[in-house]
Amino acid sequence: MRQMLHRLDRTPPKHAGANLLHSYIRHELDPDSDAALLRRHRDIDDEAEATREYIGLFSRLAGLMSKAPLLLRSAPGFGTGSYGAVPVAESTDTSDEDENDDARQLAKRRSALRNAVSSGTLSGRSIRSRTSRRKSSNARRQSMEEVAGLEGRFGIGGIPIANADDSSSADHLSEEVILEDESLDDNEDPPDNSPYPEVRASVSAIDNTSLSINTPRMWTLSLLFAVLGSSTNLFFSLRYPSVSITPVIALLLVHPLGLIWDQLLKRSNDPHEEFIDGSRRPSLDTTHEHIEPKPTGWRRFRLWLSQGRWNEKEHSCVYISSNVSFGFAFATDVIVEQTHFYKQEVSITYQLLLILSTQILGYAFAGLARRFLVRPGGMIWPQTLMSAAMFTTLHKEENTIANGWKITRWKFFFVVWLTAFLFYFLPGLLFPALSYFSVITWFAPKNVVIANLFGVASGLGLFPVTFDWAQIAYIGSPLLTPFWAAMNVVGGLVLVMWIIAPIAYYKNLFFSSYMPILSSAVFDNTGHIYDVSKILTPDFLFDKDAYHKYSRVYLPITYVLSYGLQFAALASLLTHTACWHGKDIWKQWKRSLKEVDGETKAYEPLAGAPQHVPARTRRRRFDRSDSDNIISQEDVHNRLMRRYKDAPLSWYLATFVIMLAVGIFVVEYYPVHLPWYGLILALGICTILFIPIGIVMAITNQHSSIYLICQLVCGAVFPGRPVANMVFVTYGYISSAQGIKFSADLKLGHYMKIPPRILFSVQMVATVVSSITQILVLNWMFANVPHICTPEAINGFVCPLARVHFNGSILWGVVGPKEFFGPDATYHILVWCFPLGAIAPIILWLYARNRKKNLVRKINLPVLFGSLSWIPPATGLNFSVWALVCYIFNYVIKKRANPWWAKYTMTLSAALDSGLAFGLVVVFFGFVYPGLMEGFKWWGTEIYKLGCDWNACPYKVVPQGEHFGPDKW
């Protein structure tokens, strides 16, 4: 046998078909070949199967996690990923008809290739292409074997287990060639890669299908962080001052925990590591192989826990579960307001149903809109790119030189993170004047005009300097926002806040000179903060006579302009989306209807997108400068995701129907005074605006809120019902906000190649667990924190956010929008912002639709109008310095040092955000909360508090005993 193989090696094949036959004989007859080794391993597995007497409890649990054999990895081409990775076959429909079709097609391919091999007539070009790929694959495998020996062949690297007997080996060889020919290229920059440089810089164009996903480790860490994050954030949301634990912390903390899990439960260097069924790794010395006794007890449990190795896909799932659970549920504020402000008794059942229905309805919207917001390549979701870059930083060891910088992303991240963490002690603790760096006002602290223009606490922030990343990134990280979108925001800031606002303020428009130029409070006709308790009866109902005796409600000029901009933003959102994306949305809508009718289980390509990249066009790269039809754009990530089974549309429809039924039961059975058609109206507002809001968020990273429009609609339709107003806003606004968050997480899963069905389970389970956790913690606090939600509460548990929402429910639910925007109201002129906002995008579209290189095409009115809704509580400083940093990084550095920008920008953003978060937590818990900083004062802690900027001085002062505005209303 050895001599025959040696003769085969010395005799070169004369043609391509003989080359395949020569490779097959050499591969099959060599006793040290992969096939021979695997046949022996298969025989061992058969013996082990024959001796197996029962399947233990942990084996059944492991079956829920993974259907693939533990420890031994199999090749992606054979449809089984290891350690819980899901099947990756291109066709995911498992119907009998499709299987028969596949079998017939495969039989034809085998027959054709067998005839070609026997006759020697196989196309030279085709066989060279296929054999070259085969050689490349063998070279990679050989390299791995040289490094890792049998560990590489049967452990990490792995080769498929095949029933390779003499009669079927030729068929197996032909099938393998076909599969290799049809497999996706391992190309870091394929022809259909994303046309957006920020996506290419952060997201890999290759899917490693052998990585574990659905493992006990992933579920344990996901549930752990869902419970800890949701309970901690709810606890501190009821306190002032508060602190929030962000998902970025989970992104960083979970990585060492995953590595520690691997180290504790694995013996990765043990050459005799066990399978969960008791068998051992195969050895080259087959003469001494034997079957060990089956593992029992803790040993078997350890093997079940140690499935797979910690990797970026499991990390992504844990982070996504943290992202959907860390934010405290808005429904908890409603419960606080009902129980402690309106003195209503609410049961635990009501609390659970309210929080579950409001949280999960958003997921239904996200799933139903994924064809528009997740799959298209043009929906980039800039916020998710930071997370994707972090996964690459933490799990990859690749390093390229970028403009002379050789430092790895991980080292760069650690240096920036440590620097940001340590530096925060200056503006956050020792020298807070660096945060509120209104240095111009320090020279004239009593000058109201200087404070109005250059102040950073209650001014317009015309001097954009601060040394606190919390101030810079208050409205979102500037490193993640496209420069053109930031310029839209700056345009609105300059026009509205820096030009119109000062003119209107000093002209005393709407009596605004008697109030601060910028404040989040509302005022009465004496210039003091409005006392809502004066217009309520003891039963918290609207007292109209008391209202007429007290005062109308007045708003600062920036608050007035903010309302006008939000009205214009909502109207422009619809017309802008219809003009620029209407055709694409209609195409995808028709595609969605077909999906509902056919209940397609595969992750379908987009309408008009190619099923795959043809071989003859693989060298022709997509036009990355074309920004039209971005909803129909398919990139490599959508193509790679087609190998996984999709989460059926019926899952999301069923979720919506069930949660809708729960919501109707809540509003009809419990005393919230909101009829069932009011709930339908709230969800109708969310439905109409969800896709336009999602498109703007996915493209620009700017979120348009429907909070205000929900308050206004409910106040107009159901006046005098404050609790109904709160519940209406919760179902309308939170369904939208949660749905946008869920869509962003679906996009992150899309980028990281997480199977949709696993992602559905991860998000749903995390949402349910975090919701139940928050209800339990909330009721524990009600029972154990003395005087909670009152000024006498210990440790500052005065429920500040719930108090603000309570005031809003009084203003809009009790006083009502008619008193603000009615025919005789002070701010009735703002109603005209709706038609102006609706018409403006149409004019721009008519002008720029045929001018593809015109600068007007970069104007995005929903962003220009909607982003300034952050003012108040954000100030002009938060916008001006944010735009300056965005200009430096996303324009100057991107243009002059693009490799550096591509390699480090997203990592820099993640490091600054996480360093700030850790610094904030350490400062609060380590110094402020224990009271260690009481009495610590010096010039750097007091200088910014001495002037009119900090004290919010008005331009005009109401004389004692007088008032402004009308005497009757």
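The structure we're discussing is the one just above.
These numbers were taken from a predicted model, which means no experiment stands behind them.

A. Expanded view of the environment of Lys 968. For Lys 968, the position within the fold is in the segment after α38 (948-951). Residues Lys 968 and Ser 551, 417 residues apart in the sequence, show an inter-C-alpha distance of 9.1 Å.

B. Expanded view of the packing of helix α16 (residues 382-395) against helix α36 (residues 898-928). Close contact between α16 and α36 brings their axes to 8 Å; oriented N to C, the two are set at 95°. Here α36 runs roughly perpendicular to α16, going by the angle between their axes. When α16 is examined against α36, the residues Leu 385, Met 386, Ala 389, Met 390 and Thr 393 are found in contact with a partner set consisting of Met 906, Thr 907, Ser 909, Ala 910 and Asp 913. Its residues placed into classes, the contact of α16 with α36 shows 6 nonpolar, 3 polar and 1 charged.

C. Spatial organisation of the packing of aromatic side chains. Going through the model one piece at a time under the given rule, you end up with 60 aromatic pairs. Aromatic pair Tyr 319 and Phe 391: ring centres 6.0 Å apart, planes at 80°, arrangement edge-to-face. Separated by 72 residues along the polypeptide, Tyr 319 in helix α12 (residues 312-325) and Phe 391 in helix α16 bring together distant segments of the chain. When its relative accessible area of 6% is taken as the criterion, Tyr 319 is described as buried.

D. Examining a nonpolar patch on the surface more closely. There is a patch of nonpolar side chains on the surface, built from Phe 423, Leu 426, Leu 430, Phe 467, Phe 936, Trp 938 and Trp 939 and spanning about 650 Å² of accessible area. Note that Phe 936 resides in the loop between α36 and α37 (939-942). Look at Phe 936 and you get partly exposed, because its relative accessible area is 36%.

E. How the structure looks around the packing of helix α29 (residues 722-752) against helix α30 (residues 756-784). Taken N-terminus to C-terminus, the directions of α29 and α30 make an angle of 145°; their axes are 11 Å apart at the nearest point. In terms of crossing hand, the pair formed by α29 and α30 is right-handed. Here α29 contributes Phe 742, Asp 745, Leu 746 and Gly 749 to the contact with α30, which in turn contributes Leu 759, Gln 763 and Thr 767. Residues belonging to the contact of α29 with α30 are distributed by class as follows: 3 nonpolar, 3 polar and 1 charged.

F. Up close: the state of the cysteines. What the rule picks out here adds up to 1 disulfide. The partner cysteine of Cys 789 in its disulfide is Cys 799, sulfur to sulfur 1.8 Å. Its torsion about the S-S bond being -65°, the disulfide of Cys 789 and Cys 799 is classed as left-handed. Within this pair, whereas Cys 789 is found in the loop between α30 and α31 (800-815), its partner Cys 799 is found in the loop between α30 and α31, the two being separated by 10 residues in sequence. Cys 799 matches Cys 789 in its accessibility class, with the two residues each being buried.

Conventions used here
- Residues numbered from 1 in each chain as written.
- Predicted model: local features only at pLDDT ≥ 70, side-chain atom pairs only at ≥ 80, totals over all residues.
- Heavy atoms only, no water.
- Helix = DSSP H or I, 4+ residues; strand = E, 2+ residues; numbered from the N terminus.
- Axes fitted to C-alpha atoms, helices over the stretch in contact; angles between N-to-C directions.
- Parallel < 35°, antiparallel > 145°, perpendicular 65-115°, else oblique.
- Contact = heavy atoms within 4.5 Å.
- Nonpolar A, V, L, I, M, F, W, Y, C, P; charged D, E, K, R; others polar.
- Phe/Tyr/Trp six-rings, centres within 6.5 Å; stacked < 30°, edge-to-face > 60°.
- Buried < 20%, exposed > 50% of the residue type's maximum accessible area, 1.4 Å probe, protein only.
- Patch = residues over 30% accessible without salt bridge, like charges linked within 9 Å, V, L, I, M, F, W, Y side chains within 5 Å.
- Areas by Shrake-Rupley, 256 points an atom, 1.4 Å probe, with all protein chains shown as cover.
- Salt bridge = Lys/Arg side-chain N within 4 Å of Asp/Glu carboxyl O.
- Left-handed = near helix turned anticlockwise from the far one by under 90°.
- Disulfide = S-S within 2.5 Å.

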